[in-house]
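What follows is the residue order along each chain.
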There are 2 protein chains.
Amino acid sequence: MEDILKNSALSVTASRKRILEIFLASDNALAHQDIETKCADQYDRVTIYRTLQTFLEKGIIHNIPSTDNMIRYALCNEACITTGHHHDNHVHFKCDDCGKTVCLDDVNIPAVNLPKGYTMKEINMVVNGICKSCK
Amino acid sequence: MEDILKNSALSVTASRKRILEIFLASDNALAHQDIETKCADQYDRVTIYRTLQTFLEKGIIHNIPSTDNMIRYALCNEACITTGHHHDNHVHFKCDDCGKTVCLDDVNIPAVNLPKGYTMKEINMVVNGICKSCK
DNA sequence: AATACTTTTGCAACAAAGTTGCATTCTTAA
DNA sequence: TTAAGAATGCAACTTTGTTGCAAAAGTATT
């Protein structure tokens, strides 16, 4: 855990370690709110906002778009952390039943051909449906 | 414009017509805020929220996820409006330069194979990069 | 065209989410 | 150990989204 922070040139603080720990312990993506409920008694709301922002910039976590006004975050793979920018090419799945959002690490986003004149920098794919636990 | 409302079994009111008009006049997807700045002097904020909600449910507009805390809305195609549910299978593109989000109506979302046990209900694909106007 | 009924709107009040500046505390590196 | 820099907590604030209710507008019927 401290390694992750040090590799990203971040100072090792209690709140950062705690938030990382929460991510490592979770099997699904977390919204700001999820993290807040897990540690708002220990750390300030503002600190959580700033920590997530920092982790995003350093490539420790990535954010997952959604249409429910709730951006969720998940740990990146090694490649992101070591290079400092994102290499997340996997599909995300949000279950309509349990509400959990997970990274489908084994499902790569297929290629798309954009119309002439468009340049792709990043691509996001989010699937909604029923997950294997709720099936 | 009135036809669209009537076809969706909605009563024709000034605010609904105005918001539809704004969408028809726009070449890109609009966030709640965009609409508010265009007509907050005429209509209440709450009305705009409720109108967008209604349009979504009736399949007049669809929402586009993003990682910037700004859900955007765009008009649906005929098929959505006539059937009352969404048939939006196109890719969305958000330009990192001008910030505009557009529907790439001609680019279909490619198929993905989900792992065993997952059922797909809806799929969203958003590409970030530089659009043809900013190129 | 007037009526009665239903739907929509605006207002107010509120709740939740996110941001900023600044003083204090903690980390790090020398 | 200490000095410099970075992160945190607090307070205050802005923005975003929600809810209940009375007033107004729309719709269908006569």
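What you are looking at is a predicted structure, and each value in this text was computed from that prediction instead of being measured. (Residues numbered from 1 in each chain as written. Chains lettered and ligands numbered in written order. Predicted model: local features only at pLDDT ≥ 70, side-chain atom pairs only at ≥ 80, totals over all residues. Heavy atoms only, no water.)

Peer 1: Can you tell me about the side chain of A:Asp88, naming the residues and giving the values?
Peer 2: All names here are of chain A. Take Asp 88: it is sitting in the loop between helix H5 (78-83) and strand S4 (90-95). The side chain of Asp 88 is buried and forms no salt bridge, while Lys 58, the nearest opposite charge, is found at 16 Å. Apart from residues no more than four positions distant in its own chain, Asp 88 is found in contact with His 62, Cys 76, Asn 77 and Cys 80. (Helix = DSSP H or I, 4+ residues; strand = E, 2+ residues; numbered from the N terminus. Buried < 20%, exposed > 50% of the residue type's maximum accessible area, 1.4 Å probe, protein only. Lys, Arg positive; Asp, Glu negative; His and termini not counted. Salt bridge = Lys/Arg side-chain N within 4 Å of Asp/Glu carboxyl O. Contact = heavy atoms within 4.5 Å.)

Peer 1: Now, about the relation of the copies chain A and chain B: what can you tell me, with residues and values included?
Peer 2: Mapping chain A onto chain B calls for a screw motion: a turn of 179 degrees about the axis and a shift of 0.0 Å along it, with 0.1 Å RMSD after fitting. Here the symmetry operator amounts to a two-fold rotation axis. Considering only C-alpha atoms, the part of chain A nearest the rotation axis is A:Met125, at 2.3 Å. An overlap of 100% is found between the interface residues of chain A and their copies at the interface of chain B, pointing to a shared contact surface. (Least-squares fit on C-alpha atoms with pLDDT ≥ 70 in both.)

Peer 1: Break down empty space enclosed by the protein for me, citing the residues and quoting the values.
Peer 2: A complete count under the given rule lists one cavity of 30 Å³ or more for this structure. By volume, the largest cavity is sized at about 50 Å³. For the largest cavity, the full set of lining residues is A:Ser66, A:Asn69, A:Met70, A:Ile71, B:Ser66, B:Asn69, B:Met70 and B:Ile71. Class assignment for the residues of the lining of the largest cavity results in four nonpolar, four polar and no charged. (1 Å grid on protein atoms, 1.4 Å probe; cavity = no way out; pocket = protein on both sides within 12 Å on 5 of 7 lines; lining within 4 Å. Points joined across faces, edges and corners; volume = space filled by probe spheres on them. Nonpolar A, V, L, I, M, F, W, Y, C, P; charged D, E, K, R; others polar.)

Peer 1: Describe helix H2 (residues 14-25) of chain A, and please don't skip the residues or the numbers.
Peer 2: All names here are of chain A. If you check H2, its first and last C-alpha atoms are 16 Å apart, about what twelve residues at 1.5 Å a residue would give, namely 16 Å. The complete set of buried residues in H2 reads Ser 15, Arg 16, Ile 19, Leu 20, Ile 22 and Phe 23. Within H2, the buried residues cover an arc of 155 degrees as seen down the axis, which keeps them to one side. Summarising the contacts, the buried residues of H2 are in contact with helix H1 (2-7), strand S1 (30-31), helix H3 (32-39), helix H4 (45-58), strand S2 (61-64) and strand S3 (72-75). (Expected span 1.5 Å × (residues − 1). Arc of directions from axis to C-beta.)

Peer 1: Requested: an account of the protein's contact with DNA strand C, with residues and values cited.
Peer 2: Near DNA strand C you find 18 residues, and of these A:Val12, B:Ser15, B:Arg16, B:Thr47 and B:Arg50 are the closest. Looking at DNA strand C alone, sugar and phosphate atoms form 65% of those within 4 Å of the protein. Contact between DNA strand C and A:Arg45: a base oxygen at 3.1 Å from a side-chain N or O atom of the residue. B:Ser15 is positioned with one of its side-chain polar atoms (N or O) 2.3 Å from a phosphate oxygen of DNA strand C. Only H4 of chain A together with helix H2 (14-25) and helix H4 (45-58) of chain B provide two or more residues apiece to the surface near DNA strand C. Split into classes, the residues belonging to the surface near DNA strand C amount to five nonpolar, eight polar and five charged. (Near = heavy atom within 4 Å. Polar contact = N/O pair within 3.5 Å; in protein donor to acceptor, adjacent residues only side chain to side chain.)

Peer 1: Quick rundown of the layout of surface pockets? Include the residues and the values.
Peer 2: Of the pockets and cavities examined, the largest pocket occupies roughly 600 Å³. In terms of lining, the largest pocket is formed by 26 residues, of which the most central are A:Asn63, A:His86, A:Glu122, A:Asn124 and B:Thr67. Of all the elements in the fold, those that place two or more residues in the lining of the largest pocket are H4, S2, S4 and strand S6 (119-130) of chain A together with strand S6 (119-130) of chain B. The biggest single contributor to the lining of the largest pocket is S6(A), with six residues. When its residues are assigned to classes, the lining of the largest pocket shows seven nonpolar, twelve polar and seven charged.

Peer 1: Report on the pairing of strand S4 (residues 90-95) of chain B, specifying residues and quantitative values.
Peer 2: Residues and elements named next belong to chain B. Among the six residues in S4, six count as buried, and that is most of the element. Pairing analysis gives four bridges linking S4 to S6, with the strands arranged parallel. Along S6, the bridge assignment pairs Phe 93 with Val 127. (Pairing = 2+ DSSP bridges.)

Peer 1: Please set out the protein's contact with DNA strand D residue by residue, giving values where relevant.
Peer 2: Not every one of the 19 residues close to DNA strand D is listed here, only the nearest: A:Ser15, A:Arg16, A:Thr47, A:Arg50 and B:Val12. When the atoms of DNA strand D within 4 Å of the protein are grouped by moiety, sugar and phosphate amount to 64% of the total. B:Gln33 is positioned with one of its side-chain polar atoms (N or O) 3.4 Å from a phosphate oxygen of DNA strand D. Per-element accounting of the surface near DNA strand D gives the leading share, four residues, to H4(B).

Peer 1: Lay out unusual backbone geometry with the relevant residues and their values.
Peer 2: Residue and element names in this part refer to chain A. Non-glycine residue Ala 9 carries a positive phi angle of around 60 degrees. Residue placement: Ala 9 occurs in the loop between H1 and H2. One non-glycine residue, Asn 69, lies in positive phi territory at about 60 degrees.

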